[in-house]
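Chain residues, written in single-letter form:
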Amino acid sequence: MKGNSYLSRKIHSLLGVIPLSLFIVEHGLTNYSAYEGGPQGFKDSVQFLNSLPLVFFLELFGIWLPLLFHGVYGLYIAYQSNSNTGRFQYGRNWAFTLQRISGVITFIFVFWHLYQTRFQVMIGHVTHEELGGVMNGIANNGLFFVLYVIGVIAAVFHFSNGMWSFLVSWGITVGPRAQRISSYIWMVVFVIVTALFLMSLVAFRGDEFREAASAAVQAANLV
């Protein structure tokens, strides 16, 4: 492997952990506030995030640029990778293939989700406080709901399996026993984080979110 390719893959791997893994967990917890606290709980969580000092630069350098590099270079890796599932049909090879497939789905899903939410805020169709109403419109659209469920499962799998691979490739989990224990841990993380997101989606379907910002959702012309 050429040195620049090796370095790019290491940066790609590292950015999948710091800060993107923290972002997906934080995003899951923020959305879960919709399930636990309703519209006001979700609104309070969004307001807290937007009140952080230098939030624009935190998001630009801590989320958007790393996400862009990780996503674009990940698509390149997926394009270059060869699947071994036809020859060796066992768990790790299937996980390798699903990691690439889930990465492509996640890349599309994330940018679609950003268009429906943060981009609408940026162009002035809705405010941060009205995002709960936006999500209500999305969650109550049958097709969008199914696509969001698929996107969420793909994203969390990509995160969880990617963390397992990161620990192996960086020499943190060495040996079959450590890697087996790590796989159990990240399987549990996958279930928990997926549950947080799915419970949030169900909560967003509630009528109280529709009442929160129905006019703004119609203005955004999202559904």
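In what follows, the structure referred to is the one given above.
Residues numbered from 1 in each chain as written. Predicted model: local features only at pLDDT ≥ 70, side-chain atom pairs only at ≥ 80, totals over all residues. Heavy atoms only, no water.

Thoughts on the overall build of the protein chain
Link 1 in the chain: When helices and strands are tallied, the protein chain shows 9 helices and 0 strands.
Link 2 in the chain: Taking the intrachain contacts of the protein chain between residues at least 6 apart in sequence as the baseline, contacts between residues at least 24 apart amount to 75%.
Link 3 in the chain: In the structure as shown, the protein chain presents an accessible area of about 12500 Å², 68% of it carried by carbon and sulfur atoms. (Helix = DSSP H or I, 4+ residues; strand = E, 2+ residues; numbered from the N terminus. Contact = heavy atoms within 4.5 Å. Areas by Shrake-Rupley, 256 points an atom, 1.4 Å probe, with all protein chains shown as cover.)

A short note on the side chain of Thr106
Link 1 in the chain: Inspection of the secondary structure assignment puts Thr106 in helix α4 (residues 91-116).
Link 2 in the chain: A polar contact of 3.3 Å, which involves the side chain of Thr106, links it to the backbone nitrogen of Ala155.
Link 3 in the chain: Setting aside residues up to four positions removed in sequence, Thr106 forms contacts with Ala154, Ala155 and His158. (Polar contact = N/O pair within 3.5 Å; in protein donor to acceptor, adjacent residues only side chain to side chain.)

Notes on unusual backbone geometry
Link 1 in the chain: Within the chain, Leu54 stands out as a residue other than glycine whose phi angle is a positive 55 degrees.
Link 2 in the chain: Position of Leu54 relative to the elements: it lies in the loop between α2 (20-50) and α3 (55-80).

Describing the environment of Leu58
Link 1 in the chain: By secondary structure assignment, the location of Leu58 is in helix α3.
Link 2 in the chain: Look past the residues within four positions of Leu58 in its chain and what remains in contact with it is Leu52, Pro53 and Ile63.

Some thoughts on the side chain of Gln99
Link 1 in the chain: Position of Gln99 relative to the elements: it lies in helix α4.
Link 2 in the chain: Classification of Gln99 by relative accessible area gives buried; the value is 9%.
Link 3 in the chain: Every residue in contact with Gln99, bar those within four places of it in the chain, is listed here: Phe157, His158, Asn161 and Gly162. (Buried < 20%, exposed > 50% of the residue type's maximum accessible area, 1.4 Å probe, protein only.)

What to know about the nonpolar core
Nonpolar side chains tend toward joint burial in soluble globular proteins.
Link 1 in the chain: Residues Phe42 and Phe204 are the most contacted members of the largest nonpolar core, which totals 30 residues.
Link 2 in the chain: Mapped by element, the contributors of at least two residues to this core are α2, α6 (131-139), α7 (142-169) and α8 (176-204).
Link 3 in the chain: The leading source of residues in this core is α7, at 10 residues.
Link 4 in the chain: Apart from the residues lying within four places of it in its own chain, the contact partners of Phe204 are Asn31, Ala34, Phe42, Gly132, Met135, Asn136, Ala139, Asn140 and Phe209. (Core = buried A, V, L, I, M, F, W, Y, C linked by side-chain atoms within 4.5 Å.)

Some words on the pattern of salt bridges
Oppositely charged side chains are able to pair whenever their charged atoms sit close together.
Link 1 in the chain: Counted according to the given criterion, the structure contains 1 salt bridge.
Link 2 in the chain: With a shortest N-O distance of 2.9 Å, Arg118 and Glu59 are connected by a salt bridge. Placement of the pair is Arg118 in helix α5 (residues 118-122) and Glu59 in helix α3, with a sequence separation of 59 residues. (Salt bridge = Lys/Arg side-chain N within 4 Å of Asp/Glu carboxyl O.)

Structural notes on α7
Link 1 in the chain: Taking 1.5 Å of rise per residue, 28 residues should cover 40 Å, and α7 covers 40 Å from first to last C-alpha, within 8% of that figure.
Link 2 in the chain: The N-cap residue of α7 is Asn141: its side-chain oxygen and the backbone nitrogen of Leu143 are 3.1 Å apart. (Expected span 1.5 Å × (residues − 1).)

Brief notes about the layout of surface pockets
Link 1 in the chain: Taken as a whole, the second largest pocket spans an internal volume of roughly 590 Å³.
Link 2 in the chain: Lining the second largest pocket we find 25 residues, and of these Phe23, Glu26, Leu49, Glu59 and Arg118 sit closest to its centre.
Link 3 in the chain: Those elements giving two or more residues to the lining of the second largest pocket turn out to be α2, α3, α4 and α6.
Link 4 in the chain: Of the residues forming the lining of the second largest pocket, the biggest block, 10 residues, is contributed by α2.
Link 5 in the chain: Of the residues that constitute the lining of the second largest pocket, the class distribution is 14 nonpolar, 8 polar and 3 charged. (1 Å grid on protein atoms, 1.4 Å probe; cavity = no way out; pocket = protein on both sides within 12 Å on 5 of 7 lines; lining within 4 Å. Points joined across faces, edges and corners; volume = space filled by probe spheres on them. Nonpolar A, V, L, I, M, F, W, Y, C, P; charged D, E, K, R; others polar.)

Side note on the packing of α6 against α7
Link 1 in the chain: Two numbers describe how α6 lies on α7: the axes approach to 6 Å, and their chain directions differ by 100 degrees. Judged by the inter-axis angle, α6 sits roughly perpendicular to α7. The residues of α7 that touch α6, namely those facing Met135, Ile138 and Ala139, are Phe144, Phe145 and Tyr148.
Link 2 in the chain: In the contact of α6 with α7, the residues fall into 6 nonpolar, no polar and no charged. (Axes fitted to C-alpha atoms, helices over the stretch in contact; angles between N-to-C directions. Parallel < 35°, antiparallel > 145°, perpendicular 65-115°, else oblique.)

Some thoughts on the packing of aromatic side chains
Link 1 in the chain: In the structure shown here, the tally under the stated rule is 14 aromatic pairs.
Link 2 in the chain: Considering the side-chain rings of Phe166 and Trp170, the 5.3 Å spacing of their centres and the 35 degrees angle between planes classify their relative orientation as tilted.
Link 3 in the chain: Classification of Phe166 as buried rests on a relative accessible area of 9%.
Link 4 in the chain: Taken together, Phe109, Trp112, Phe144 and Tyr148 form an aromatic cluster joined through their ring pairs.
Link 5 in the chain: Geometry around Trp170 places Lys10 over its ring, the cationic atom sitting 4.7 Å from the centre.
Link 6 in the chain: Over the ring of Phe145 we find Arg205, and its NZ or CZ is 4.6 Å from the ring centre. (Phe/Tyr/Trp six-rings, centres within 6.5 Å; stacked < 30°, edge-to-face > 60°. Lys NZ or Arg CZ within 6 Å of the ring centre and 35° of its normal.)

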